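Commentary on secondary and tertiary structure
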Protein chains: 2
Amino acid sequence: MEKLGKYPFVAEQYQCNFRKQIFLSFLVNQMLCSADNHSTERELGTEQLNKIGRTWVLSRFAVELKDLPLRHSKYSIETWVENAVMFFTNRNFRVTLSDGDIIAWGRSTWAMLDMNSREPVNIFDIKDGLIKKYIIQDGEKESITAPIEKPSRIAITEDLELKRVIDTYYNDVDFNGHINSARYIEHVLDLFPMEWHKEYIIKRFEIVYVAESHCPDKLKFYISSPKEGDSVEYKVRITKLSPNSLQEIECCRCKLIWRKII
Amino acid sequence: MEKLGKYPFVAEQYQCNFRKQIFLSFLVNQMLCSADNHSTERELGTEQLNKIGRTWVLSRFAVELKDLPLRHSKYSIETWVENAVMFFTNRNFRVTLSDGDIIAWGRSTWAMLDMNSREPVNIFDIKDGLIKKYIIQDGEKESITAPIEKPSRIAITEDLELKRVIDTYYNDVDFNGHINSARYIEHVLDLFPMEWHKEYIIKRFEIVYVAESHCPDKLKFYISSPKEGDSVEYKVRITKLSPNSLQEIECCRCKLIWRKII
């Protein structure tokens, strides 16, 4: 079994935005599916781990885009394990069009949890440290350096403004019973009006998952003022308000970098 | 070129609901993508029609389900043209698991529109009536009878109650600039709380698209009282309220049939 996984896709028409490009949240969803397929083929997939009471939880994710696949174009997502330490593993992604043009990079951090306690567990304890077989070391033949910064913990010191409060519903909840990781990205991009999306394209989206949220939690979205430069930066904090609770708990922190369309 | 198109899929983990089954709205999206691929391979796809100022618009859709594909299971969507008359064509779908079990059927009606006037145009005028080559006549070797009722026009005589008003955002709008057909299904299923989804599974979902809506229209969802029998029936009317307009315009009518989980 090779260390690198490569998965082919087509940008399907009904999965494209008004610009006739794949929705970013959908591309991220496909990156997560590629990660799942890559780990499943190597006996470390979520479904296999669930049988021994363990699960993968996405902890941090960053994607950086030069472009998004256009309607009907073919592209591939490659993914591989960069490293693993105790409770966490880092996994990278590369998105390439069929003509060889690399259009996006992703970097992610995953935690392995005990399904009952929701506490982290040592990844090396699983199947005699099986994950080590699949880590691509620097200098190895298959080695690829992702030329983007790792997802950070996103310190938020700015003043934020409450922008929107939403209810969560059936379609927000995925197979593991909590609000879907890519769905947060959708909700965050929806904080920006269509006029904004017509003038700006997302260049980098970074998200830290702090706490899980569940339906019917309310989600509150707080946004910073824009930091302008060559590009425009926004930070977003998402909190949850669970039913019958007055305590607002932080779920996610995001950093978005937009570039103006020339 | 065969008349029937067959497209393979895998129920990807991050596209599954809390029951670890593909979301219905996502399956419908894939059915629409299969229709697009089938027509594109036969030179009658939306992108090809757009070049001559024409486009396909989904007018009615019905899907009936015995089951939904479970996480990681393989399935296929078959689609074919049942007939065409003047402005409309009927297209059917069959969803089959890899073991041969047929789990869903779909039937749909599409209109061909002039992109500028948004008026219907005669399908037989396009490429010398090319569509006729691909209609599967009754009795032909490839002929398949879809054993479910066609989508009806859904007469609503019941009293309806306003259940929810939502804003539309960037992620609701697809490649053709209007609210995505499958997205309405998502919003309608989200009218039902998680507790309902835990007890009931959708058996038949039928939708009639009456008028196109656009971002930032507000959508208003009106729902009937349940009609109980062996299964539970609901009707839903969706209207739009466009910015600076006081006129509420009907966009969609839906009929849902749910069965209780034994």
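For the structure, check the block above.
Just so we're clear, the structure is a prediction, and the values are computed from it rather than from any experiment.

1. With respect to the packing of helix 1 (residues 24–41) of chain A against helix 3 (residues 181–189) of chain A
Geometry of a packed helix pair, given as the angle between the helix axes and the separation of the axes. Residue and element names in this part refer to chain A. Interhelical geometry of helix 1 versus helix 3 gives an angle of 165° and a closest axis separation of 9 Å. When the axis of helix 1 is compared with that of helix 3, the two are roughly antiparallel. Seen from above, helix 1 lies across helix 3 with right-handed handedness. Contact residues: helix 1 offers Leu24, Ser25, Val28, Asn29 and Leu32, while helix 3 offers Ser181, Ala182, Ile185, Glu186 and Leu189. Partitioning the contact of helix 1 with helix 3 into residue classes produces six nonpolar, three polar and one charged.

2. Some details on the pairing of strand 3 (residues 74–85) of chain B
One face of the sheet, then the other: side chains in a regular strand alternate in exactly this way. Residues and elements named next belong to chain B. Summarising the sheet, strand 1 (residues 5–10) and strand 3 pair through six bridges and their orientation is antiparallel. For Phe9, the partnering residue across the bridge sits in strand 3 and is Tyr75. Two strands pair when backbone bridges link them, and strand 3 and strand 4 (residues 88–97) are joined in this way by 10 bridges, in the antiparallel orientation. In the strand pairing of strand 4, Val81 is matched with Arg91.

3. Brief notes about the nonpolar core
If you look at the biggest cluster of nonpolar residues, it comprises 146 residues, and the most contacted ones within it are Phe205 and Leu256 of chain A together with Phe205 and Leu256 of chain B. The residues contacting Phe205 of chain A, other than those within four sequence positions of it, are Leu24, Phe61, Ala62, Val63, Ile185, Val188, Leu189, Cys254, Lys255 and Leu256 of chain A.

4. Digging into the interface of chain B and chain A
In many reports, interface size means the accessible area that the parts give up when they come together. Counting residues at the interface gives 39 residues for chain B, matched by 39 residues for chain A. For the pairing of chain B and chain A, the buried interface totals around 4200 Å² over both sides, and the portion due to carbon and sulfur atoms is 53%. Together, Tyr14, Tyr170 and Phe175 of chain B form the three largest contributors to the area buried by chain B at its contact with chain A, with a combined 24%. For the interface between chain B and chain A, the tally reads four salt bridges. Our count for the contact surface shared by chain B and chain A stands at 31 residue pairs in polar contact (both at pLDDT 80 or more). When residues of the side of chain B that touches chain A are assigned to their parent elements, the largest contribution, nine residues, is made by helix 1 (residues 24–41) of chain B. For the side of chain B that touches chain A, the residue count by class is 15 nonpolar, 14 polar and 10 charged.

5. Let's talk about the packing of aromatic side chains
Per the counting criterion, the structure on display carries 25 aromatic pairs over all chains. One residue, Arg42 of chain A, lies across the ring of Tyr134 of chain A, its end atom 5.7 Å from the ring centre.

6. Some remarks on the relation of the copies chain B and chain A
For the match of chain B to chain A, the screw axis carries a shift of 0.0 Å, the RMSD comes to 0.0 Å, and the turn is 180°. Taken together, the rotation and translation relating the two chain copies correspond to the operation of a two-fold axis. Judged by C-alpha distance, Ile166 of chain B is the residue of chain B that lies nearest the rotation axis, at 5.1 Å. When the interface residues of chain B are mapped onto chain A, 100% of them again lie at the interface, so the same face is used by both copies.

7. Some details on the environment of Asn92 of chain B
Residues and elements named next belong to chain B. Relative to the helices and strands, Asn92 resides in strand 4. A relative accessible area of 2% means that Asn92 is categorised as buried. Taking the C-alpha atoms as reference points, Asn92 and Tyr184, 92 residues apart in sequence, are found 20 Å from one another. Residues contacting Asn92, with those up to four places away along its chain left out, are Glu78, Thr79, Trp80, Glu82, Gly106, Arg107, Ser108 and Ala146.

Criteria and thresholds
- Residues numbered from 1 in each chain as written.
- Chains lettered and ligands numbered in written order.
- Predicted model: local features only at pLDDT ≥ 70, side-chain atom pairs only at ≥ 80, totals over all residues.
- Heavy atoms only, no water.
- Axes fitted to C-alpha atoms, helices over the stretch in contact; angles between N-to-C directions.
- Helix = DSSP H or I, 4+ residues; strand = E, 2+ residues; numbered from the N terminus.
- Parallel < 35°, antiparallel > 145°, perpendicular 65-115°, else oblique.
- Left-handed = near helix turned anticlockwise from the far one by under 90°.
- Contact = heavy atoms within 4.5 Å.
- Nonpolar A, V, L, I, M, F, W, Y, C, P; charged D, E, K, R; others polar.
- Pairing = 2+ DSSP bridges.
- Core = buried A, V, L, I, M, F, W, Y, C linked by side-chain atoms within 4.5 Å.
- Buried < 20%, exposed > 50% of the residue type's maximum accessible area, 1.4 Å probe, protein only.
- Buried area = accessible area lost by both parts, 1.4 Å probe.
- Salt bridge = Lys/Arg side-chain N within 4 Å of Asp/Glu carboxyl O.
- Polar contact = N/O pair within 3.5 Å; in protein donor to acceptor, adjacent residues only side chain to side chain.
- Phe/Tyr/Trp six-rings, centres within 6.5 Å; stacked < 30°, edge-to-face > 60°.
- Lys NZ or Arg CZ within 6 Å of the ring centre and 35° of its normal.
- Least-squares fit on C-alpha atoms with pLDDT ≥ 70 in both.

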